[in-house]
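# Coordinate inspection notes
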Amino acid sequence: MDSLSVNHLLGIKYLKRNDIELIFKTADNFKKIINQPIKKVPSLRDVTIANLFFENSTRTKLSFEIAEKRLSADVLNFSSAASSVKKGETLLDTVNNILAMKVDLVVMRHPNPGASVFLSRNIDASIINAGDGTHEHPTQALLDAYSIREKYGEVSDKNIVIIGDILHSRVALSNIYCLKMLGANVSVCGPMTLMPKYLDDLGVNYFSNLKEALNWCDIANVLRIQLERQDVQLFPSLREYSNVYGINYAVLEKLNKEITIMHPGPINRGVELTSDVADSSHSLILDQVENGVAIRMAVLFLLSNKLN
Ligand code: CP
């Protein structure tokens, strides 16, 4: 049987193209299953998975949980806000205590970049990074690329622009690694103050002008401004950001072609996207969420096959 080259999913940068293609092929099968009347399979019976969320989440948390339940795994849900972390317990103590309950796989979201890599080096379980600070969000990039492949047949040679707060975005970094590995042409667009200094090293083009970026692309992946990760304000106001980089229906109608709009969520409606765009036929946003379940089932299944 085909298997992943890794024992953990810590970031897209640790994967090979074959791993991504295997995840997509496996997700194709799970997507068929979850669209049948009986959505559950016994693939992970007797596997115990802990979902450790040290930072807020709606989509990723629920998507992992439903993926685990569709695979018949036993599921533990941990939220730091209601835990002994509040009494000063360390990350390693917290996780080692949970592992003592015979947990096989850990899904973790954490505000600190590198938290998943740290955990993978210090505990005896397979780790899936569900977003670590400004570092990576690998399952988001996989479901984004999978949704593009589903709509266009392939990702290779597509022109994809990622718009907004690239500096603070784990989604942007994971998407850039994933899309480039699959042969897409990737650009970024937004205020220069929201671009990382190492942009050239990522091998992407930069557009300061939204209209030029949209006329170049087939797909625009629009990101939220992450005010919670900004120590100092990096642009004058949300209103000004929206005037220059926000996408409304009039902006789409003035383009010389139709494009697809993606967004990882949560959307700040009226800032980066207006509702008439987010809810339009151009939008792939709810397909992304639907595909997230099949992608996470595939990742959980393939990593569980590597357990001792
Ligand atoms: N896309 C995403 O990670 O959303 P949540 O923060 O709601 O999980």
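Residues numbered from 1 in each chain as written. Predicted model: local features only at pLDDT ≥ 70, side-chain atom pairs only at ≥ 80, totals over all residues. Heavy atoms only, no water.

### Section: the overall build of the protein
Helix and strand content of the protein: 11 helices and nine strands. A compact globule built from 308 residues should have a C-alpha radius of gyration of about 19 Å, and the protein, at 19 Å, falls within 12% of that. A principal-axis box enclosing the C-alpha atoms of the protein has dimensions of 55 × 45 × 35 Å. Looking at the 308 residues of the protein, the share that counts as buried comes to 56%. Counted over contacts in the protein with a minimum sequence separation of 6, partners at least 24 positions apart contribute 75%. If you sum the accessible surface of the protein, you get close to 13800 Å²; carbon and sulfur atoms cover 48% of it. Averaging the locations of the 33 positively and 34 negatively charged side chains of the protein gives two centres separated by 3 Å. (Helix = DSSP H or I, 4+ residues; strand = E, 2+ residues; numbered from the N terminus. Rg over C-alpha atoms; globule rule 2.2 N^0.38 Å. Buried < 20%, exposed > 50% of the residue type's maximum accessible area, 1.4 Å probe, protein only. Contact = heavy atoms within 4.5 Å. Areas by Shrake-Rupley, 256 points an atom, 1.4 Å probe, with all protein chains shown as cover. Lys, Arg positive; Asp, Glu negative; His and termini not counted. Charge placed at Lys NZ, Arg CZ, Asp CG, Glu CD.)

### Describing the side chain of His-135
Within the secondary structure, His-135 sits in the loop between strand 4 (126–132) and helix 5 (138–152). You can call His-135 buried: its relative accessible area is 13%. Among the polar contacts listed, one links the side chain of His-135 to the side chain of Asp-132, at a separation of 2.7 Å. When near neighbours in sequence (up to four residues on either side) are disregarded, His-135 contacts Lys-13, Pro-113, Gly-114, Asn-129, Arg-170 and Leu-173. (Polar contact = N/O pair within 3.5 Å; in protein donor to acceptor, adjacent residues only side chain to side chain.)

### Section: helix 5
The terminal C-alpha atoms of helix 5, which comprises 15 residues, lie 21 Å apart, in line with the 21 Å expected from a rise of 1.5 Å per residue. The buried count for helix 5 comes to 11 of 15 residues, which makes it a mostly enclosed element. Taken together, the buried positions of helix 5 are occupied by Pro-138, Thr-139, Gln-140, Ala-141, Leu-142, Leu-143, Asp-144, Ala-145, Tyr-146, Ser-147 and Ile-148. (Expected span 1.5 Å × (residues − 1).)

### Considerations on the packing of aromatic side chains
Taken as a whole and assessed by the stated rule, the structure comprises five aromatic pairs. With 5.2 Å between their ring centres and 50 degrees between their planes, Phe-54 and Phe-78 make a pair best called tilted. You can see Phe-54 sitting in the loop between strand 1 (48–53) and helix 2 (59–70) and its partner Phe-78 sitting in strand 2 (residues 74–79), a full 24 residues away along the chain. In terms of burial, Phe-54 and Phe-78 fall into one category: buried. (Phe/Tyr/Trp six-rings, centres within 6.5 Å; stacked < 30°, edge-to-face > 60°.)

### Here's the deal with the packing of helix 5 against helix 11 (residues 285–304)
Axes are the key here: two packed helices are described by the angle between their axes and the distance separating the axes. Put simply, helix 5 and helix 11 touch, their axes get as near as 8 Å, and they point 115 degrees apart. As for how helix 5 packs across helix 11, the hand of that crossing is right-handed. Between helix 5 and helix 11, the residues in contact are Thr-139, Gln-140, Leu-142, Leu-143, Asp-144, Tyr-146, Ser-147 and Glu-150 and Asp-287, Gln-288, Asn-291, Gly-292, Ile-295, Arg-296 and Val-299, respectively. Per-class residue counts for the contact of helix 5 with helix 11 are five nonpolar, six polar and four charged. (Axes fitted to C-alpha atoms, helices over the stretch in contact; angles between N-to-C directions. Left-handed = near helix turned anticlockwise from the far one by under 90°. Nonpolar A, V, L, I, M, F, W, Y, C, P; charged D, E, K, R; others polar.)

### A look at the domain arrangement of the protein
Taken as a whole, the protein is organised into domain 1 (12–136 + 289–305) and domain 2 (138–285). When each unit is reduced to the centre of its C-alpha atoms, the spacing between domain 1 and domain 2 is 25 Å. The partner domain 2 presents 26 residues to the 31 residues of domain 1 that form the contact. Here domain 1 packs against domain 2, burying approximately 2500 Å² in sum over the two surfaces, 61% of which is carbon and sulfur. At the boundary of domain 1 and domain 2, one finds three salt bridges. At the junction of domain 1 and domain 2, the tally comes to 11 residue pairs in polar contact (both at pLDDT 80 or more). At the level of secondary structure, the elements contributing two or more residues to the side of domain 1 that touches domain 2 comprise helix 1 (17–34), helix 2, strand 3 (105–110), strand 4 and helix 11. Broken down by element, the side of domain 1 that touches domain 2 gets its largest block of residues, seven residues, from helix 1. Its residues placed into classes, the side of domain 1 that touches domain 2 shows 12 nonpolar, eight polar and 11 charged. (Domains from an automatic or database assignment. Buried area = accessible area lost by both parts, 1.4 Å probe. Salt bridge = Lys/Arg side-chain N within 4 Å of Asp/Glu carboxyl O.)

### Quick notes on the site of the ligand
Taken together, the neighbourhood of the ligand is formed by Ser-57, Thr-58, Arg-59, Thr-60, Arg-109, His-137, Gln-140, Pro-264 and Gly-265. Take Thr-58: an N or O atom from its main chain is 2.8 Å from an oxygen atom of the ligand. In this structure, Gly-265 approaches the ligand through a main-chain N or O atom, which is 3.3 Å from a nitrogen atom. Taking 260 Å² as the accessible area of the ligand by itself, protein coverage stands at 91%. Residues that form the shell around the ligand fall into these classes: one nonpolar, six polar and two charged. The residues that make up the shell around the ligand include at least three from each of domain 1 (12–136 + 289–305) and domain 2 (138–285). (Near = heavy atom within 4 Å.)

### Some words on the sheet that holds strand 8 (residues 219–222)
Within a sheet, adjacent strands bond to each other through the backbone by hydrogen bonds, running parallel or antiparallel. Reading across from one edge, 7-6-5-8-9 is the order of the five strands in this open sheet, with parallel pairing throughout. Each edge of the open sheet is held by one strand with a lone partner, namely strand 7 (205–207) and strand 9 (260–262). Ignoring strand direction, the axes of neighbouring strands in this sheet form an average angle of 25 degrees. By the bridge criterion, five bridges tie strand 5 (residues 159–163) to strand 6 (residues 185–189) in an arrangement that is parallel. Bridging from a neighbouring strand, Ile-162 pairs with Val-188 of strand 6. (Pairing = 2+ DSSP bridges.)

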